[in-house]
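Residue-level structural notes
So you can see what is in the structure, the chains are spelled out below.
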Amino acid sequence: MENKRWVISLIAVWTGAIALFLYIPIFSVITSSFGKSRYFRFPVKAWSDKWYDQTLGANLTTDLHLTSFYVAGCVALIAVVLGFFGALAFARYNWRGRQFYQRLIMLPIFFPQAVLGLALLLWFTFVGVLPSWEAAVFAHLVWIVPIVTLVISIQVYGFDAAQEEAAYDLGANRWQAFREVTLPALAPGLFSGALFAFLLSWGNFPLSTFTTGADSTVTEWLYTKMGSGYTPMIPTMGALSVFGAIVILFGGYMFLIVQRRRRLERNE
Amino acid sequence: MVNAAPILRMVNLTKQFGRLVAVNDVSLDIQEGEFFTIVGPSGSGKTTLLRMLGGLEKPTAGDIFLRDERVNQVPANRRPTCMVFQSLALFNHKTVGQNIEFSLKMRGESRRARRERGLALMNVVQLPEDYYDKSVTKCSGGERQRVALARALASDPDILFFDEPLSAIDYRLRKLLEVELKDLHRTTGKTFVYITHSLEEAMVMSDRIGIMQEGRLIQIGSPNEIYLQPRNKFVSEFMGEVNTLAVQAGADGGIDCPAFERRFTSPVKPDGFTDGYLVIRPESMRFLNDPSEAENHLEGSLFNEYALGSRVQYHVSAGGSMFVVEKLREQAYQGGLNDDVLIGWDAKDSVLVTD
Amino acid sequence: MVDRAETPAPLIRQPGVGSLLLGWLRSPGVLNATPVLIFFLIGFVGPLVIVLAFSFTPERTFDLGAGFTTENYEHIFTESYYISFIWSFALAGLTVACNLLIGYPIAYGLSKLFGRWAAPVMLVLVIPLFVSENVRLFGWYLFLIKGGGILAGGLKTAFGIDTGTLLYEPGTILMGMIYVYLPFTLFPIVLGLSMVPRDQVEASRDLGASRFQIFREVELPIAMPGILIGALLTFVLAVGAISEAKLLGGQNTPVIAQDIQHEFTYAQNWPLGSAISVLAIVVTGILVVLVMRRLDLDRLLGRR
């Protein structure tokens, strides 16, 4: 289709402007984290990384990040396992009730998260589970498992199920077929599912705030601190979490690319 | 054909999915080294039948014998048979070599033995050796067919099953691969069981053909038998364009055609024939200068003509229906459209079938 | 050759309801769906039932056995809680409208114009999503604060203009919500627009449609499932938004999620908090069900 040049340019400029808009606050956080003064003034007169030394040296930093990490790690692991089976039911098999199931499990995604967090808090109290980071894992899963199921489903839709049958037919047992064919074919989907789960859990606030109890994640701490006024530790902690997310995202992306390349080169 | 014990025997084989009967009471013997093709429209149960033979589906009733051994409950991975799937089901995350050697790897053969066999097979299916490390996703349609074929041959199976592997391929390549497949059948000497919805494809390759309709095997025979003696209207129309006339058994051995209020000379009648259809192939139909030139004739007018390369096809409108006449190009009809024409046939070139 | 058409059909059993049910339970689809469904029951249905039950108990009770009353719902309308509902739904509606306008051209570019640049651009747009919402909103706070904020400070240094703060206005909250939820509108629209086949657009042009007619008659209807998902997701998330109002609105603008949090923490009035939640769930739930019924997920996700 012919699109007029100026239309393309206009849309490109618009996209660029919006992308810039998306990054403004991130740059703001990073800029202020390197300011030297105790109160944030812009333009920054003196730069310093002393807040990083201070923040990184604090036990609190380690604790908060460890909690966030435990939660996100457990969520990613469990969500991928549940999402894997969920996606097979979603996209691989044709069964009576599938349409209903597809809509049912999407409901938690289309649900106000703060309300979900609160409902889970009530539920935990009712069944006698104390709020803790483990409870937060469960809470995150309620929202994240459906998302991971969708992410993996997209891969499953592209998977020709006859490949599995071909593997049996060529002498593989159930486990061999799974390990040699199903798992490698779905691996990219599982991996992006895990990545999604980890990052969404890492950044989640509305579910955590109701369910972590005495344990606190980085985002919860930020929320509390922001409510009570500025300290340079807030942007520093924020910037650290930005770097963390970028490292994980790019690390994951690179890993995926290297894996794909290796698989094609390797010949066993 | 030598009448030895069949390599594959189906006895009253039936498969139900819930309330749907996909395969209904099929009994069939397939001989060693035979190229047997099952033909049927989609939904006729042919794929289900093949999947039962391959062990991917368990029969609801009836038995499958492989060299006199009942294999109903033997799963696919322990049957000495191999399937080439409709989608080919190549492992997209593996290379050509890894795909071909899959069954050998499952058996635990050494990497060197696998490679040797893999390369030999690539030679058999005419794939260049440097494709060994190529990703299957980078292969063309025809190359993928060859990889699938080599992969199925790798475990040296007794029987190869084919589930319409050529259906998604363009006409010219399909014709080429049909010939190659038939040649491969000769050189390997293995039993091939092939399913397709195209009787034309089946005719080219097969020793024998079985026609399936609504879960039942309605006719089994050599390509010639199927062509010359279709069992019913369904089979005759499956061949492509034919002329069919609704008829009834008439007095003095002839047959009556109510639509044209004519009596035609009858070919050999099936036992107990009362009413059915008279089938005349387009190439058996001819233009007449005079009614006396053929045993039967109809008056019509030439509606249109179509050049088919070596042949020419004509549509002749007669009594409200359209008849198809086919001629070699050298014997083409000389005249114009809307000409009044006489078309006719002899009883020996027609077949009577029931519904 | 034996003519089998004459032999009566043998061996055909008509399976009963019981065996059909058993077969269904053993089918691989059901088996694979089971773990997720059980989890769904414990993690989603259970909590909802509890919230519903709590919303009918008397004020400030923490026990389900304390009796049955509907006065919590009456309180929502008599004690000005409904104002939060109006704010939340208005803000959410405006967010959806703005995001559709902002997002559609970008989605169009991503799915039709950018070609091999689409993937990197997409990546650039996704990354902020993975930085915690609170961090990003705090960034806006830093950008907008009075005097030393990046916007105010920057303008003053560069042009010598003095500006007040933009913080603590409903408009700022709206901007924050637009900012946070833009990707949730954008990506479903991309998904929807990528389902519009190029040849159909060309065919309609060939048939004499103007650019706007193509948009209205071809692109919009085909992309509608994606647009609906994007709008719905954004709306629901925005209704539950909590940080925007607090961080950028300075708690001057009441929203539902804040009310709920307040009832459950400071006020210690679980039944009222539950009633507010139930009302929010019912309103969003109706929207979700209406939209879901129109979607063909297989087509949207799998391009079948």
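Notes on the structure follow. Just so it is clear, the model here is predicted, and its values are computed rather than measured.

**Focus: the environment of Ala17(A)**
Within the element layout of this structure, Ala17(A) appears in helix H1 (residues 5-33). Spatially, the C-alpha atoms of Ala17(A) and Ala136(A) are 37 Å apart, while their sequence positions differ by 119 residues.

**A closer look at the nonpolar core**
Val75(A), Ala79(A), Ala119(A), Ala197(A), Phe161(B) and Phe138(C) are the most contacted members of the largest nonpolar core, which has 224 residues in total. When residues in this core are grouped by element, the largest group, 17 residues, is from helix H6 (residues 133-157) of chain A. The residues touching Val75(A), leaving out its near neighbours within four places in the chain, are Val137(A), His140(A), Leu141(A), Ile144(A), Ala197(A) and Ser201(A). Grouped together as the second largest cluster of nonpolar side chains are 22 residues, Ile255(B), Phe323(B), Val325(B) and Val351(B) included.

**Thoughts on H1(A)**
Residues and elements named next belong to chain A. With 29 residues, H1 should reach 42 Å at 1.5 Å per residue; the first-to-last C-alpha distance of 42 Å fits that figure. Along H1, the sharpest kink reaches roughly 35°, centred on Tyr23 and followed within four residues by the proline Pro25. Along H1, the positions that sit buried rather than exposed are Ile11, Thr15, Leu22, Pro25, Ile26, Ser28, Val29, Thr31, Ser32 and Ser33.

**Thoughts on unusual backbone geometry**
Residue and element names in this part refer to chain B. Located in the positive-phi region is Asn12, a residue other than glycine, with phi close to 50°. Phi angles above zero are rare outside glycine, and Glu214 is one such case at about 50°. Tracing the sequence through the fold places Glu214 in the loop between strand E9 (208-213) and strand E10 (216-221).

**Quick word on the sheet that holds strand E5 (residues 69-70) of chain B**
All names here are of chain B. Across the sheet, four strands lie side by side as E2-E1-E4-E5; this open sheet has antiparallel pairing. Each edge of the sheet is formed by a strand with only one pairing partner; in this case those strands are strand E2 (20-30) and E5. Strand direction decides the pairing type here: strand E4 (residues 61-66) and E5, joined by two bridges, are antiparallel. Bridging from a neighbouring strand, Leu66 pairs with Glu69 of E5. Contacting strand E1 (8-17), E2 and E4, helix H1 (residues 46-54) runs over the sheet at an angle of about 60° to E2.

**Quick word on the sheet that holds strand E11 (residues 243-249) of chain B**
All names here are of chain B. Spatially, E13-E12-E11-E14-E20 is the arrangement adopted by the five strands of the open sheet, whose pairing is antiparallel. A single partner strand is all that each edge strand has here, and the edge strands are strand E13 (262-264) and strand E20 (350-353). The mean inter-strand angle of the sheet, taken between neighbouring strand axes irrespective of direction, is 40°. In this structure, strand E12 (residues 255-257) lies alongside E13, joined through three bridges in antiparallel fashion. Across the sheet, residue Asp256 finds its bridge partner in E13, namely Arg263.

**Some points on the packing of helix H4 (residues 82-113) of chain C against helix H8 (residues 170-193) of chain C**
All names here are of chain C. Where H4 meets H8, the axes come as close as 7 Å, and the angle between the chain directions of the two elements is 45°. The orientation of H4 relative to H8 falls into the category oblique. As H4 packs across H8, the resulting crossing turns out to be right-handed. For the contact of H4 with H8, the residue count by class is 20 nonpolar, five polar and one charged.

The rules behind these values
- Residues numbered from 1 in each chain as written.
- Chains lettered and ligands numbered in written order.
- Predicted model: local features only at pLDDT ≥ 70, side-chain atom pairs only at ≥ 80, totals over all residues.
- Helix = DSSP H or I, 4+ residues; strand = E, 2+ residues; numbered from the N terminus.
- Core = buried A, V, L, I, M, F, W, Y, C linked by C-beta atoms within 7 Å.
- Buried ≥ 20, exposed ≤ 12 C-beta atoms within 10 Å, placed from the backbone.
- Contact = placed C-beta atoms within 7 Å.
- Expected span 1.5 Å × (residues − 1).
- Bend = angle between axes of the 7 residues up to and from the residue.
- Pairing = 2+ DSSP bridges.
- Axes fitted to C-alpha atoms, helices over the stretch in contact; angles between N-to-C directions.
- Parallel < 35°, antiparallel > 145°, perpendicular 65-115°, else oblique.
- Left-handed = near helix turned anticlockwise from the far one by under 90°.
- Nonpolar A, V, L, I, M, F, W, Y, C, P; charged D, E, K, R; others polar.

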